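Structure assessment
As a plain string of letters, each chain reads:
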Amino acid sequence: MSALSAFAVPVPVFTPDATINEVGERMLQADLANALSVAVVNAAGVPVGMISRHQLNDIFMKKFGRDLFGNRPVSDFMRTDVLSVEMDSSLSAAASFITANMHFPLSEDFVITENGRYLGMGAVLHLLGAMEQQMTRNVADLNRAYTQLASSQAQLVQSEKMAALGQMVAGVAHEINTPLGYVNNNVEMVREFFAQMQFILQAHEQLAATLLSPDATDVDIAECLAAVDDMKADLDFTQWFSDLDQLFNDTFYGVEQISELVTGLKNFSRLDQSPTDNVSLNDCVENALLIGRNTLKYKVEVLKRLGDLPQIRCAASQINQVLLNLLTNAAQAIEDRGYILIKTWCDDRMAYVSVQDTGCGIPPESLRRIFDPFYTTKPVGEGTGLGLSISFKIIQQHNGHIRVASEVGKGTRFVLALPLTSIAVPLSAVA
Ligand SMILES: Nc1ncnc2c1ncn2[C@@H]1O[C@H](COP(=O)(O)OP(=O)(O)OP(=O)(O)O)[C@@H](O)[C@H]1O
Ligand SMILES: [Mg+2]
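The next subject is the coordination of the magnesium ion (ligand 2). Geometry sets the ideal angles at a metal, namely 109.5 degrees for four tetrahedral donors and 90 or 180 degrees for six octahedral donors. The magnesium ion (ligand 2) binds to the protein through Asn 325 (OD1) and Asn 329 (OD1), with metal-donor distances spanning 2.2 to 2.4 Å. With a gap of four residues between them, Asn 325 and Asn 329 both fall in helix H10 (residues 316-333), about one helical turn apart. For the residue pair Asn 325 and Asn 329, the accessibility class agrees, reading buried in each case.

Take a look at the structure:
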């Protein structure tokens, strides 16, 4: 059923030759008491005009109006620009047509037609009322949809963060695993060495006890000495001690690497620090490089040209996240082997970081979309397409900006700029 059918009241119509008196008298009758106007319809049933109560009053109020004009046909006075809508129009199409064409003060209702022929009259006020109700419903629907969207966006941001965290944790776990592996081996070797030393010690103890024993014969002493000598012959002590030294050095190096990674993780997430902090972007670059080391090391050579930067107030963990995403994107854009050049510098207003890669580049039609949420060219499971849109938001909330230039086949350069002055960061929006 058409939305307009509820408005189509079959108000009687007039032919163009009906007189003004006839129309006037008819409009006084009860069934037309609420009609603002009536339609004038030709022999084919097509509305050709409208005459309103307002116009009739004008005529009858004139001096001798009834005598002068009453017998004249309604077609002489009617408005011919009929406010007419087709029955199958939507409520909103009808309302926008009528509000655009109606006259003030409101003295006409509108005609509803079906295939161009008169069907009934609709009241403008009823239509506007229905529109208002629909708008109220729409606003409520929109509000509901907005709340749902906001919550699913928050969930997505959260899942992107979890995915990024998952990747990062996997990378760091891998990084920790390597030194942990050889620290483990080294400790194992030291244990074997001490097991051997224990035998030697026992042999020496045996020798000492024999030497001190009044009952020991020369043969006993010679046997003990021979046992000690055999053990010494099996073991190259000088070599052993130098190996041992190396083992300890390697072990300390491994432990240092592990603790460096753990500090890096702590700095990266800044869990033990306040949400905003005074940091140098150079430190953020180093943190992101440390955490992203596993993704980068097999195919990328990282070149750094870090300038002197003052500390700036920012949400460092968020800036770390942005930089890690830029580095990861750059590494993922490099197919075989390539370079990433990281530069930092500042002027009197802003600090800048640029991340430039020798990857595949971004074609111009994609370049417009890379900051859109969910835009990704990566296979399912590798990219969610949220990295740059979140990065954009983070930098925007720091009153900074992020720009990109790219050439297909040559590479891409992202430059992010953050103001040197203190920054208020509404963390809730990205947290
Ligand atoms: N350095 C780059 N070189 C080439 N293309 C890039 C580069 N950085 C981003 N892009 C393009 O922009 C798209 C969007 O990047 P974005 O970081 O938002 O998402 P993603 O990396 O695909 O997924 P996610 O970051 O969620 O893991 C990428 O899929 C890629 O097509
Ligand atoms: Mg990304």
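What follows deals with the site of ligand 1. For ligand 1, the set of nearby residues contains 22 residues, the closest of which are Thr 376, Thr 377, Lys 378, Thr 384 and Leu 388. For ligand 1, an oxygen atom lies 2.8 Å from a polar atom in the side chain of Asn 329. With respect to ligand 1, the side chain of Lys 378 contributes an N or O atom lying 2.6 Å from an oxygen atom. When isolated, ligand 1 has an accessible area of 590 Å², and the protein chains bury 93% of it. Elements with a contribution of two residues or more to the shell around ligand 1: H10, helix H12 (387-397) and strand E12 (411-419). A per-element tally of the shell around ligand 1 places H10 first, with four residues. Grouping the constituent residues of the shell around ligand 1 by class yields eight nonpolar, ten polar and four charged.

By the secondary structure assignment, Leu 306 is in strand E7 (residues 300-306). Look past the residues within four positions of Leu 306 in its chain and what remains in contact with it is Asn 282, Val 285, Glu 286, Ile 342 and Thr 344.

With that settled, consider the domain arrangement of the chain. The figure often quoted for interface size is the accessible area lost as the parts come together. We note that the domain assignment places domain 1 (5-122), domain 2 (164-257) and domain 3 (270-429) within the chain. Computed over C-alpha atoms only, the centres of domain 1 and domain 2 are separated by 111 Å.

Note on placement: Ser 391 falls in helix H12. Look at Ser 391 and you get buried, because its relative accessible area is 3%. Beyond its immediate sequence surroundings of up to four residues, Ser 391 is in contact with Val 322 and Asn 325.

A word on the nonpolar core. Membership of the largest hydrophobic core comes to 47 residues, with the highest contact counts inside it found for Leu 281, Ile 319, Leu 323, Ile 340, Val 353 and Leu 416. No other element matches H10, which puts nine residues into this core. Of the residues that make up this core, three or more belong to each of domain 2 (164-257) and domain 3 (270-429). When sequence neighbours within four positions are dropped, the list of residues in contact with Val 353 reads Leu 281, Val 285, Leu 323, Ile 342, Lys 343, Thr 344, Trp 345, Phe 414, Val 415 and Leu 416.

Before going further, it helps to spend a moment on the sheet that holds strand E4 (residues 110-114). Strand order in the open sheet made by the three strands is E3-E4-E5, with mixed pairing throughout. Of all the strands in the sheet, the pair left with one neighbour each is strand E3 (84-86) and strand E5 (117-122). Recorded for the sheet is a direction-independent mean angle of 35 degrees between the axes of neighbouring strands. Two elements, E3 and E4, share three bridges in a ladder whose sense is parallel. By the bridge assignment for E4, Glu 86 is matched with Thr 113.

Thresholds applied
Residues numbered from 1 in each chain as written. Chains lettered and ligands numbered in written order. Predicted model: local features only at pLDDT ≥ 70, side-chain atom pairs only at ≥ 80, totals over all residues. Heavy atoms only, no water. Donors = N, O, S within 2.8 Å, 3.2 Å for Na, K, Ca; no water. Helix = DSSP H or I, 4+ residues; strand = E, 2+ residues; numbered from the N terminus. Buried < 20%, exposed > 50% of the residue type's maximum accessible area, 1.4 Å probe, protein only. Near = heavy atom within 4 Å. Polar contact = N/O pair within 3.5 Å; in protein donor to acceptor, adjacent residues only side chain to side chain. Areas by Shrake-Rupley, 256 points an atom, 1.4 Å probe, with all protein chains shown as cover. Nonpolar A, V, L, I, M, F, W, Y, C, P; charged D, E, K, R; others polar. Contact = heavy atoms within 4.5 Å. Domains from an automatic or database assignment. Core = buried A, V, L, I, M, F, W, Y, C linked by side-chain atoms within 4.5 Å. Pairing = 2+ DSSP bridges. Axes fitted to C-alpha atoms, helices over the stretch in contact; angles between N-to-C directions.

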